[in-house]
Amino acid sequence: MIKLNENFNKLKKNYLFAEIARRTEEYKAKNPGADVIKLGIGDVTLPLCKSVLDAMHEAVNEMGNAATFKGYGPYEGYEFLRKAISESYLRYGIDINPDEIYVSDGAKSDTANILEIFEADGNVLIPNPTYPVYVDSSILSGRNISYIDANETNNFLPLPDYSVKPGIIYLCSPNNPTGAVYDKNQLKKWVDYALENRAIILFDAAYEAFIEDPELPHSIFEIEGSKDCAIEICSFSKGAGFTGVRCGYVTIPNNLMIDGKSVGGMWLRRQSIKFNGTSYITQRGAAAALSEEGMEQARHNIDYYKGNAKMLSNTLKEMNIWHIGGENSPYIWLKCPNAMNSWEFFDILLNNANIVGTPGSGFGTNGEGFFRLSSFGSREDVEKAIQRIKSLQF
Ligand code: MLT
């Protein structure tokens, strides 16, 4: 007799951002005139930059011509994009071959799907708070989860606890949701810990383009020893504005082996069963985003969002509201005023200022009492939001 996957019963009723969207729509239905500003989900608002658009238009034309038309592409992504990604690693002095790169439709699916190549009943270590996809996909696959505390005491950058013996370790830096960024010494501690435990670090670098401090690492592969214990997952969503286009990639060093088997080879086998590749048009756009011109244009957009973050951060400073992030990250992580809990603050902001943010408790128990603001809104919306926040009496 057929049964359902009982692990679904262990999940919260709704995915965090689906729940926020639901509550926002409910509010808008009850208050049709309200000018609601969304600083919740980290969704970009600026259009694609010119070099990406030109490349994609050209690719569309190729698809309309019998001589240049493309059907199914390679499972691992087109060589031209994997080469462009490999070259982009050189900016940080990292040597990655194109055949160590696996193109996908985004970091969200990769961070969840990659679990499939590892033992199903393994132990996963996840910081608390965290991007909910790591937790939900670990729960769905029936894994045991240990949490490591990120909190004010460790500046939301927890370090390894050797009494815990995980097989898989999720790390995200710059961090979603807190905006905190690990330095090289801290990441080295994680690499040493993973090597000692023969564990794998799944390193989510989706926000690396927001790092401006030259001392901070953009990639786990800047750390010695990481090629023996880490997989990096990255995305064009936040840096190049691809949230609606969909393109990401996984980097698995060729020398990463478990029980004599190539981890990259297993991932490719998995992808070839379940994934028919990212569209040619998208991959052409992604390669253009990595060109010199594309990077410079993307930099303007990133600076714009960082300008928003700075304005939000200055406002919170003026109001004496504790917060971190926003400097090397698009997210600002603040402590809810007056010891409010996260969903109380969500309601106050929505009802009294028509601003949507993300309750910290949605990212884990250690997020309770905290709140995340995204800087991906339009400048006009951020300016309006600031005026409204200032007028609230905390
Ligand atoms: C976020 O807001 O945390 C992200 O945009 C959500 C996502 O990338 O899935």
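What counts, and where the lines are drawn
Residues numbered from 1 in each chain as written. Predicted model: local features only at pLDDT ≥ 70, side-chain atom pairs only at ≥ 80, totals over all residues. Heavy atoms only, no water. Helix = DSSP H or I, 4+ residues; strand = E, 2+ residues; numbered from the N terminus. Rg over C-alpha atoms; globule rule 2.2 N^0.38 Å. Buried < 20%, exposed > 50% of the residue type's maximum accessible area, 1.4 Å probe, protein only. Contact = heavy atoms within 4.5 Å. Areas by Shrake-Rupley, 256 points an atom, 1.4 Å probe, with all protein chains shown as cover. Lys, Arg positive; Asp, Glu negative; His and termini not counted. Charge placed at Lys NZ, Arg CZ, Asp CG, Glu CD. Polar contact = N/O pair within 3.5 Å; in protein donor to acceptor, adjacent residues only side chain to side chain. Domains from an automatic or database assignment. Buried area = accessible area lost by both parts, 1.4 Å probe. Salt bridge = Lys/Arg side-chain N within 4 Å of Asp/Glu carboxyl O. Nonpolar A, V, L, I, M, F, W, Y, C, P; charged D, E, K, R; others polar. Near = heavy atom within 4 Å. Core = buried A, V, L, I, M, F, W, Y, C linked by side-chain atoms within 4.5 Å. Pairing = 2+ DSSP bridges. Axes fitted to C-alpha atoms, helices over the stretch in contact; angles between N-to-C directions.

Asker: Looking at this structure, I do not really get the overall build of the protein. What am I missing?
Answerer: Helix and strand content of the protein: 11 helices and 15 strands. Here the protein has a C-alpha radius of gyration of 21 Å; the compact-globule value for 394 residues is 21 Å, and the two agree. Based on the C-alpha atoms only, the size of the protein along its principal axes is roughly 60 × 55 × 55 Å. The burial tally for the protein puts 54% of its 394 residues in the buried class. Looking at the protein alone, contacts between residues at least 24 apart form 74% of all its contacts between residues at least 6 apart. Carbon and sulfur atoms provide 50% of the accessible area of the protein, an area that totals close to 17700 Å². For the protein, the distance from the average position of its 39 positive side-chain charges to the average position of its 49 negative side-chain charges is 5 Å.

Asker: Help me out: how do you make sense of the side chain of Arg 82 in this one?
Answerer: Secondary-structure assignment places Arg 82 in helix α3 (residues 79–89). Owing to a relative accessible area of 7%, Arg 82 belongs among the buried residues under this scheme. Of note is the side chain of Arg 82, whose polar atom sits 3.0 Å from the backbone oxygen of Ile 101. Discounting chain neighbours no more than four positions away, the residues touching Arg 82 are Glu 76, Gly 77, Pro 98, Asp 99, Ile 101 and Val 103.

Asker: Got a minute to help me understand the domain arrangement of the protein in this structure?
Answerer: Interface extent is often summarised as the accessible area lost during association of the parts. When its domains are assigned, the protein resolves into domain 1 (6–48 + 295–391) and domain 2 (50–293). Measuring from the centre of the C-alpha atoms in domain 1 to the corresponding centre in domain 2 gives 25 Å. Each side of the interface is counted separately: domain 1 has 37 residues, and domain 2 has 52 residues. When the area that domain 1 buries against domain 2 is broken down by residue, the three leading residues are Leu 48, Met 295 and Asn 328, summing to 24%. Across the contact surface, domain 1 and domain 2 share two salt bridges. We note a salt bridge from Glu 212 to Lys 306, for which the minimum N-O separation is 2.8 Å. On the surface where domain 1 and domain 2 come into contact, there are 25 residue pairs in polar contact (both at pLDDT 80 or more). Among the secondary structure elements, those contributing two or more residues to the side of domain 1 that touches domain 2 are α9 (292–318), β11 (323–325), β12 (331–335) and β15 (370–374). In terms of residue count, α9 provides more of the side of domain 1 that touches domain 2 than any other element does, eight residues in total. Taken together, the residues that form the side of domain 1 that touches domain 2 break down as 18 nonpolar, 11 polar and eight charged.

Asker: Where do I start with the site of the ligand in this structure?
Answerer: With respect to spatial proximity, the complete set of residues near the ligand consists of Tyr 15, Phe 17, Ile 41, Gly 42, Lys 108, Tyr 131, Asn 176, Tyr 207, Lys 238, Tyr 331 and Arg 372. Taking Tyr 331, its side chain carries an N or O atom lying 3.4 Å from an oxygen atom of the ligand. Between an oxygen atom of the ligand and a side-chain N or O atom of Arg 372, the distance comes to 2.7 Å. Here the ligand, which alone exposes 270 Å², has 86% of that area covered by the protein. Classifying every residue of the shell around the ligand gives six nonpolar, two polar and three charged.

Asker: Looking at this model, I keep getting lost on the nonpolar core. Mind explaining?
Answerer: Nonpolar side chains in soluble globular proteins tend to be buried together. Grouped together as the largest cluster of nonpolar side chains are 76 residues, with contacts concentrated most on Leu 81, Ile 85, Ile 169, Trp 190, Ile 201 and Phe 236. There are two domains that each give this core at least three residues, and those are domain 1 (6–48 + 295–391) and domain 2 (50–293). Ignoring anything within four residues of it in the chain, the contact list for Ile 169 reads Leu 125, Trp 190, Tyr 193, Ala 194, Ala 199, Ile 200, Ile 201 and Leu 202. The next biggest cluster of nonpolar side chains, apart from the first, holds 25 residues, and it includes Ile 117, Ile 126, Ile 139 and Ile 252.

Asker: Quick question: what am I supposed to make of the sheet that holds β15 here?
Answerer: The four strands are arranged β11-β12-β15-β14 in an open sheet whose pairing can be described as antiparallel. Edge positions in the sheet fall to β11 and β14 (358–359), since each of these pairs with one other strand and no more. Relative to β12, β11 runs antiparallel, the two sharing three bridges. Its bridge partner being in β12, Gly 325 is matched across the sheet by Ile 332.

Asker: When you look at the sheet that holds strand β3 (residues 123–128) in this model, what are you seeing that I'm missing?
Answerer: Backbone hydrogen bonds hold the strands of a sheet together, and the pairing may be parallel or antiparallel. The strand order β2-β8-β7-β6-β5-β3-β4 describes an open sheet built from seven strands, whose pairing is mixed. Where the open sheet ends on each side, the last strands, each with one partner, are β2 (101–104) and β4 (144–149). The mean angle between the axes of side-by-side strands here comes to 20°, regardless of whether they run parallel or antiparallel. Direction of pairing for β2 relative to strand β8 (residues 248–251): antiparallel, over a ladder of four bridges.

Asker: Any chance you could explain the pattern of salt bridges here in plain terms?
Answerer: Two side chains that carry opposite charge are able to pair once their charged atoms sit near each other. For the structure shown, the criterion picks out 19 salt bridges. When the shortest N-O distance is used, the salt bridge between Arg 22 and Glu 19 registers 2.9 Å. Here the residue Arg 22 and the residue Glu 19 both occupy positions in helix α1 (residues 16–30), the gap between them amounting to three residues, near one helical turn. A residue is classified by how much of its surface remains accessible, and Arg 22, at 38% relative accessible area, is partly exposed.

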